[in-house]
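# Analysis of the macromolecular model
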Amino acid sequence: MHGKLAAPPLDSVLGSASAIAAGRLAGEGPAGRLPLTADMLREEPSGNVFGLTQNVGMGWSAASLQGPQYVIVSTQGGLRNEDGSPVALGYHTGHWEIGLLVRAAAETLRAAGAIPFAAYCSDPCDGRTQGTTGMFDSLPYRNDAAVVMRRLIRSLPTASGVIGVATCDKGLPATMLALAGCRDLPGVIVPGGVTLPAVGGEDAGQVQSLGARFARDLVSLDYAATMGCRACGSAGGGCQFLGTAATSQVVAEALGLALPHSALAPSGEPVWLELGRRSALALLRLDALGLALKDILTQHALENAMLVHAAFGGSTNLLLHIPAIAHAAGLRPPTVADWIRVNRATPRLVDALPNGPRGHPTVQVFMAGGVPEVMLHLRRMGLLHGDVLTATGDTLDATLDWWATSDRRQAARARLTAAASVSPDDVIMGPDAARRAGLTSTVVFPVGNLAPEGAVIKATALDPAVVGDDQVYRHRGPARVFVDERDAIRAVKGVGTDRPIRAGDVIVLIGNGPSGTGMQETAQVTTALRYLPWGKHVALLTDGRFSGFSSGACVGHIGPESLHGGPIGRVRDDDLIEIVIDRAALTGSVDLVGAAGQALDADACAVLLQSRGPHPGLAPHAALPADTRLWAALQRASGGTWAGCVYDVDRIVATLEAGLQLTKEVK
């Protein structure tokens, strides 16, 4: 796809004498005096004193060293000119503009007499790595980045508080994990916002299906090239749909970590640009009030976030991230029973991409009122814990009281109506209106002989055309088994195969869990199915996970994973698979019900699964990095995917000690 440039001449890379001749060998040190006292020199660690030396060495005034210190950690990527044009590209729009938020926060802190520090741990793009081995680093990155960010925060031991600025699928969850683990400091999250939809263009999710649509003769090469170029209506922000990036922003605000009506702000616009300044002021307020992250991240805040996730119809990836945030904060992680209880309490209230029915872009959800508007409905339903504290330093109830009568709410909703001819109440609905519109509860956790430890499906995103009047999805079809996602997408495209995927098939993608691929996403498959006319009639089962943009009959997180004895790893082509998802009762099943196209009774299926060996092609992917193998082992020892793919140090140490003891005994 990409050509090679001509090799520069050797002389141009060897260095010149003129650069040496012009160089200095000494320089004038900063003028002034450090504000040292005798007690400081006697009692303070040498690092605290040397830190002041470093501050003035970088150009900070020696006369302005006595204010409180705050660290701003962000996922900023790329290098921009002053006019915003690229010098070096970032990996994605989500981290391209957030340096503007960092700058605004820093300037606000400095103007208040504080000393801001900025540290960076950039993030990858899940869209860029779809269908590539780069996806093997996606979920493990979250854990590693959270560790790095916490180390950066702790490496400024004089910090009085922290701001985290991030946008996308793994960077924002990592940032929330990092701050949750710094519970004794005050802290605020600044969500990086969303990209504007492009006039006359497809959104950033739909364009990811261009290859499949072209392969199936649904679009022309010219159309694909034009739409692929036009998808981003602005240079910054997360994708325009309610995927993992947008859901993570929503959850950050619902947890109380981000300011009210900050999630899903359009990147680069005035309402977004002010977030850096307001968040810095919020941090100063929290510090002055003596409120730390542990005062905000409570068990009730966690349940509020789960309720808001359900009401938005959020990404299933948050079933990995919310338990991980709870673990980092020292809270009890939610169980499957907790998720079911929360989802039974509320239907989806938000009509956003990709769930539908109309599918509004995220900027319209923001203008309709975003998180506080949804929370108003949840409070009226008697579901929210209104006494929790938030990043404002006040209670959630006080925030919602303000929102209900605020000029900001009125202006946002009026702007949506005037600029987009969209009624805010068609985007964010009350529960009765939502049910009338066919919106159902968000997630269901199927079990069965192929998923004895459970699975998950975003049931609210099933196409209504394949759901019965009783709100039950039923599908029985032949298995098409793949041990490599690349073979699966070729079959979906109908390229290089004598048996392309067709309506009625059940794609079974195995070896896709943590130990096989780092639990990669399968978005190129699910997105293709969404935009192929017959795709709604194909189901997908996997021990991996899905993009937050995924919709349809996509059952993931199937446990145990196939490489650790999961029965999904024993399925063969043309086995009969039955999937039943009850969107009203929030129950479901995923079962093998026959072999070689012939139905079998339950006992015969159980015997068949017990007697079969693993699929002959099942193995960790040959390109799986050693770093990801280590991550998979550590998270497995910590409870696996249903615990959030965390690092539970006590469990890891206990497992290592037991293994070392066993090794010693064997010797």
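I will try to describe carefully the structure that is included in this document.

## Examining empty space enclosed by the protein
This structure, assessed with the given rule, holds two cavities of 30 Å³ or more. As a volume, the largest cavity reaches approximately 110 Å³. In terms of lining, the largest cavity is formed by 16 residues, of which the most central are Glu253, Met375, Thr390, Leu396 and Thr399. Every element with two or more residues in the lining of the largest cavity is listed here: helix H12 (244-254), helix H19 (370-380) and helix H20 (396-405). For the second largest cavity, the calculated volume is near 90 Å³. Surrounding the second largest cavity, Ser315, Thr316, Val456, Ile457, Lys458, Phe546, Ser547, Gly548, Ser550, Ser551, Gly552 and Cys554 form its lining. Top contributing element to the lining of the second largest cavity by residue count: strand E8 (residues 454-458), with three residues. Residues of the lining of the second largest cavity, tallied by class, amount to four nonpolar, seven polar and one charged.

## A look at the packing of helix H6 (residues 99-111) against helix H13 (residues 270-289)
A pair of packed helices can be characterised by two numbers: the angle between their axes and the separation between those axes. The geometry of H6 relative to H13 is characterised by a closest axis approach of 8 Å and an angle of 40° between their N-to-C directions. The orientation of H6 relative to H13 falls into the category oblique. Crossing angle aside, the handedness with which H6 passes H13 is right-handed. Contacts from Leu100, Leu101, Ala104, Ala105, Thr108 and Leu109 in H6 reach Trp272, Leu273, Leu275, Gly276, Arg277, Ala280, Leu281 and Leu284 in H13. Its residues assigned to classes, the contact of H6 with H13 shows eleven nonpolar, two polar and one charged.

## Focus: the pairing of strand E5 (residues 159-166)
Consecutive side chains along a regular strand alternate between the two faces of the sheet. A large share of E5 lies buried, amounting to seven of its eight residues. Relative to E5, strand E1 (residues 69-74) is paired through six bridges, and the arrangement is parallel. Looking at the pairing, Tyr70 lines up with Gly161 of E5. For the crossover that starts at E5, traverses helix H9 (residues 171-180) and ends in the parallel strand E6 (residues 187-191), the hand is right-handed.

## Some details on the sheet that holds strand E4 (residues 115-120)
One open sheet holds the four strands; their spatial order is E4-E1-E5-E6, and the pairing between them is parallel. The open sheet terminates on both sides in strands that have one partner only, identified here as E4 and E6. Strand-to-strand twist across the sheet, computed as the mean angle between neighbouring axes with direction ignored, equals 20°. Pairing analysis gives six bridges linking E1 to E4, with the strands arranged parallel. Within E4, the residue paired with Val73 across the bridge is Ala119. Packing against the sheet, H6 makes contact with E1, E4, E5 and E6, and its axis sits at approximately 175° to E1.

## Details of the side chain of Thr247
Within the fold, Thr247 resides in helix H12. Among the residues examined, Thr247 registers a relative accessible area of 1% and is labelled buried. Polar contacts involving the side chain of Thr247 include one to the main-chain carbonyl oxygen of Gly243, which spans 2.6 Å. Here Thr247 is in contact with Leu242, His309, Gly314, Ser315 and Leu318, once residues within four sequence places are set aside.

## What to know about the pattern of salt bridges
Tallying each qualifying case throughout the model produces 23 salt bridges. For the salt bridge of Arg103 with Glu107, the shortest nitrogen-to-oxygen distance reads 3.8 Å. In this pair, Arg103 and Glu107 both sit in helix H6, four residues apart, roughly one turn of the helix. On the basis of relative accessibility, which here comes to 53%, the residue Arg103 falls in the exposed class.

## Remarks on a nonpolar patch on the surface
Taken together, the side chains of Leu10, Val13 and Leu14 make up a nonpolar region of the molecular surface, amounting to roughly 330 Å² of accessible area. Relative to the elements of secondary structure, Leu10 occurs in the segment before helix H1 (11-14). The class of Leu10 is exposed, set by a relative accessible area of 57%.

## What about the packing of H19 against H20?
Between H19 and H20, whose axes approach to 10 Å, the crossing angle comes to 110°. The orientation of H19 with respect to H20, classified from their angle, is roughly perpendicular. Like other packed secondary-structure pairs, H19 and H20 cross with a definite hand, here left-handed. Packed against H19, whose contacting residues are Pro372, Glu373, Met375, Leu376 and Arg379, the element H20 presents Leu396, Asp397, Leu400, Asp401, Trp403 and Ala404 at the interface. Considering only residue class, the contact of H19 with H20 consists of seven nonpolar, no polar and four charged.

## Let's talk about unusual backbone geometry
With an omega of 0°, the peptide bond running from Leu353 to Pro354 counts as cis. In this structure, Pro560 follows Gly559 across a cis peptide bond, with omega equal to 0°. Within the secondary structure, Pro560 sits in the loop between strand E12 (554-559) and strand E13 (576-582). Positive phi, close to 55°, is recorded for Ser421, a residue that is not glycine. Along the polypeptide, Ser421 turns up in the loop between helix H21 (407-420) and helix H22 (424-427). Under the relative-accessibility criterion, Ser421 is labelled exposed at 64%. Positive phi, normally seen in glycine, also occurs at Cys645, with a value near 55°. In this structure, Cys645 sits in the loop between helix H28 (626-637) and helix H29 (649-666). Residue Cys645 is classed as buried on the basis of its relative accessible area of 0%.

Conventions adopted
Residues numbered from 1 in each chain as written. Predicted model: local features only at pLDDT ≥ 70, side-chain atom pairs only at ≥ 80, totals over all residues. Heavy atoms only, no water. 1 Å grid on protein atoms, 1.4 Å probe; cavity = no way out; pocket = protein on both sides within 12 Å on 5 of 7 lines; lining within 4 Å. Points joined across faces, edges and corners; volume = space filled by probe spheres on them. Helix = DSSP H or I, 4+ residues; strand = E, 2+ residues; numbered from the N terminus. Nonpolar A, V, L, I, M, F, W, Y, C, P; charged D, E, K, R; others polar. Axes fitted to C-alpha atoms, helices over the stretch in contact; angles between N-to-C directions. Parallel < 35°, antiparallel > 145°, perpendicular 65-115°, else oblique. Left-handed = near helix turned anticlockwise from the far one by under 90°. Contact = heavy atoms within 4.5 Å. Buried < 20%, exposed > 50% of the residue type's maximum accessible area, 1.4 Å probe, protein only. Pairing = 2+ DSSP bridges. Right-handed = clockwise from strand over helix to strand, strands pointing away. Polar contact = N/O pair within 3.5 Å; in protein donor to acceptor, adjacent residues only side chain to side chain. Salt bridge = Lys/Arg side-chain N within 4 Å of Asp/Glu carboxyl O. Patch = residues over 30% accessible without salt bridge, like charges linked within 9 Å, V, L, I, M, F, W, Y side chains within 5 Å. Areas by Shrake-Rupley, 256 points an atom, 1.4 Å probe, with all protein chains shown as cover.

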